[in-house]
Amino acid sequence: GDSVTQMEGPVTLSEEAFLTINCTYTATGYPSLFWYVQYPGEGLQLLLKATKADDKGSNKGFEATYRKETTSFHLEKGSVQVSDSAVYFCALTRRDDKIIFGKGTRLHILP
Amino acid sequence: NAGVTQTPKFQVLKTGQSMTLQCAQDMNHEYMSWYRQDPGMGLRLIHYSVGAGITDQGEVPNGYNVSRSTTEDFPLRLLSAAPSQTSVYFCASSYSGGTSGNTIYFGEGSWLTVV
């Protein structure tokens, strides 16, 4: 069945480091792909999305490119800040409109 | 614009008690859903609805009931609470399920402890 696999956390980086959080998916057809972020004590918020192959989603310095050939949607940021500390979820939508989430990757940024 | 509103934010139940988690959205979204979030498990879909009067089961529906009498409201009922239902619950809504890339909006969560 459809699924999303993302790297296990926690990921700990120093401020201004380069960030990559890997996400790969298995799906039939052409799903839309999302990254959601969850700050402590809050619900999930959309960070970025891509709806077709080769699309690049970007927001707040984060980027992810929809790679159909490698079934991936890796999240990147060139210089992380302490305020980026959160849990990041990769997700896809299926043809029946259900949304499948990865298990989440906790990110800690040290000052 | 309130978005998705969940109540209560925190609740402690005794085993066997029943309760309802309320969810309301003011964005005229057709699609609403309930997830539970457990450590190491990510978000798992409990029930969802594609419109008023229509509900369906998700990945982990046992022990939960839902109804959708209006577009705005999608309450989640625990009929006989069990310790395994201790979790954080999120309600979500969108114009559709997301196939077209529509953004899913989440409530702030309800922390439920069953003792």
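Our structure is the block above this text.
Residues numbered from 1 in each chain as written. Chains lettered and ligands numbered in written order. Predicted model: local features only at pLDDT ≥ 70, side-chain atom pairs only at ≥ 80, totals over all residues. Heavy atoms only, no water.

At the junction of the two partners, chain B supplies 25 residues and chain A supplies 21 residues. The junction of chain B with chain A conceals about 1,800 Å² of combined surface from both sides, 56% of it contributed by carbon and sulfur atoms. Connecting chain B to chain A are zero salt bridges. Viewed at the interface, chain A and chain B are joined by two residue pairs in polar contact (both at pLDDT 80 or more). Among the secondary structure elements, those contributing two or more residues to the side of chain B that touches chain A are strand E4 (31–38) and strand E5 (42–51) of chain B. Of the residues that constitute the side of chain B that touches chain A, the class distribution is 10 nonpolar, 13 polar and two charged. (Contact = heavy atoms within 4.5 Å. Buried area = accessible area lost by both parts, 1.4 Å probe. Salt bridge = Lys/Arg side-chain N within 4 Å of Asp/Glu carboxyl O. Polar contact = N/O pair within 3.5 Å; in protein donor to acceptor, adjacent residues only side chain to side chain. Helix = DSSP H or I, 4+ residues; strand = E, 2+ residues; numbered from the N terminus. Nonpolar A, V, L, I, M, F, W, Y, C, P; charged D, E, K, R; others polar.)

Let's shift gears to the state of the cysteines. All names here are of chain B. Considering all chains together, one arrives at two disulfides over all chains under this definition. Linked covalently through their sulfurs, Cys 23 and Cys 91 form a disulfide whose S-S length is 1.8 Å. For the disulfide bridge between Cys 23 and Cys 91, the dihedral angle about the S-S bond is near -75 degrees, and by the sign convention the bridge is left-handed. Taken together, the residues Cys 23 in strand E3 (residues 19–25) and Cys 91 in strand E9 (residues 87–94) connect sequence positions 68 residues apart. Of the two residues, Cys 23 and Cys 91, neither departs from the other in class, the shared state being buried. (Disulfide = S-S within 2.5 Å. Buried < 20%, exposed > 50% of the residue type's maximum accessible area, 1.4 Å probe, protein only.)

This brings us to the sheet that holds strand E3 (residues 19–21) of chain A. Hydrogen bonds between backbone groups are what pair the strands of a sheet, and the pairing can be parallel or antiparallel. Residue and element names in this part refer to chain A. Overall, antiparallel pairing links the four strands, which are arranged E3-E9-E8-E7 in an open sheet. Here the strands that pair on one side only, and so sit at the sheet edges, are E3 and strand E7 (56–59). Recorded for the sheet is a direction-independent mean angle of 15 degrees between the axes of neighbouring strands. Both strand E8 (residues 62–65) and strand E9 (residues 75–77) contribute to a ladder of three bridges, which runs antiparallel. Looking at E9, one finds that Ala 64 is bridged to Leu 75. (Pairing = 2+ DSSP bridges. Axes fitted to C-alpha atoms, helices over the stretch in contact; angles between N-to-C directions.)

All names here are of chain B. Judged by pairing direction, the sheet is antiparallel, and its four strands sit side by side in the order E1-E3-E8-E7 without closing on themselves. Strands at the two margins of the open sheet, each flanked by one partner only, are strand E1 (4–7) and strand E7 (64–66). Recorded for the sheet is a direction-independent mean angle of 20 degrees between the axes of neighbouring strands. Across four bridges, the pairing between E1 and E3 is antiparallel. From the neighbouring strand, Val 4 faces E3, where its bridge partner is Gln 25.

Here the amide bond leading from A:Gly9 into A:Pro10 is cis, since omega sits at 0 degrees, within 30 degrees of zero. Mapped onto the secondary structure, A:Pro10 falls in the loop between strand E1 (3–6) and strand E2 (11–14). Backbone geometry places B:Asn28, a non-glycine residue, at a positive phi of 60 degrees. Note that B:Asn28 resides in the loop between E3 and E4.

Moving on, we come to the side chain of B:His47. Residues and elements named next belong to chain B. Of note, His 47 is situated in strand E5. Relative accessible area serves as the criterion here: at 6%, His 47 is assigned to the buried category. Here the side chain of His 47 touches Tyr 64 through a polar contact of 3.0 Å, landing on its backbone oxygen. When residues no more than four places from it in sequence are discounted, the contact partners of His 47 are Ser 33, Trp 34, Asp 56, Gln 57, Gly 58, Pro 61, Tyr 64, Asn 65, Val 66, Phe 74 and Leu 76.

A word on the nonpolar core. Residues A:Trp35, A:Leu47, A:Leu48, A:Phe73, A:Leu75 and A:Tyr88 are the most contacted members of the largest nonpolar core, which totals 27 residues. When residues of this core are traced back to their parent elements, those giving at least two are E2, E3, strand E4 (23–26), strand E5 (33–38), strand E6 (44–50), E8, strand E10 (86–93) and strand E12 (105–110) of chain A. Top element by residues in this core is E10(A). It accounts for four residues. When residues no more than four places from it in sequence are discounted, the contact partners of A:Phe73 are A:Cys23, A:Leu33, A:Phe34, A:Trp35, A:Leu48, A:Lys49, A:Ala50, A:Ala64, A:Thr65, A:Tyr66 and A:Cys90. Judged by nonpolar contacts, the second largest core, of 19 residues, contains B:Leu21, B:Tyr64, B:Tyr89 and B:Val114. (Core = buried A, V, L, I, M, F, W, Y, C linked by side-chain atoms within 4.5 Å.)

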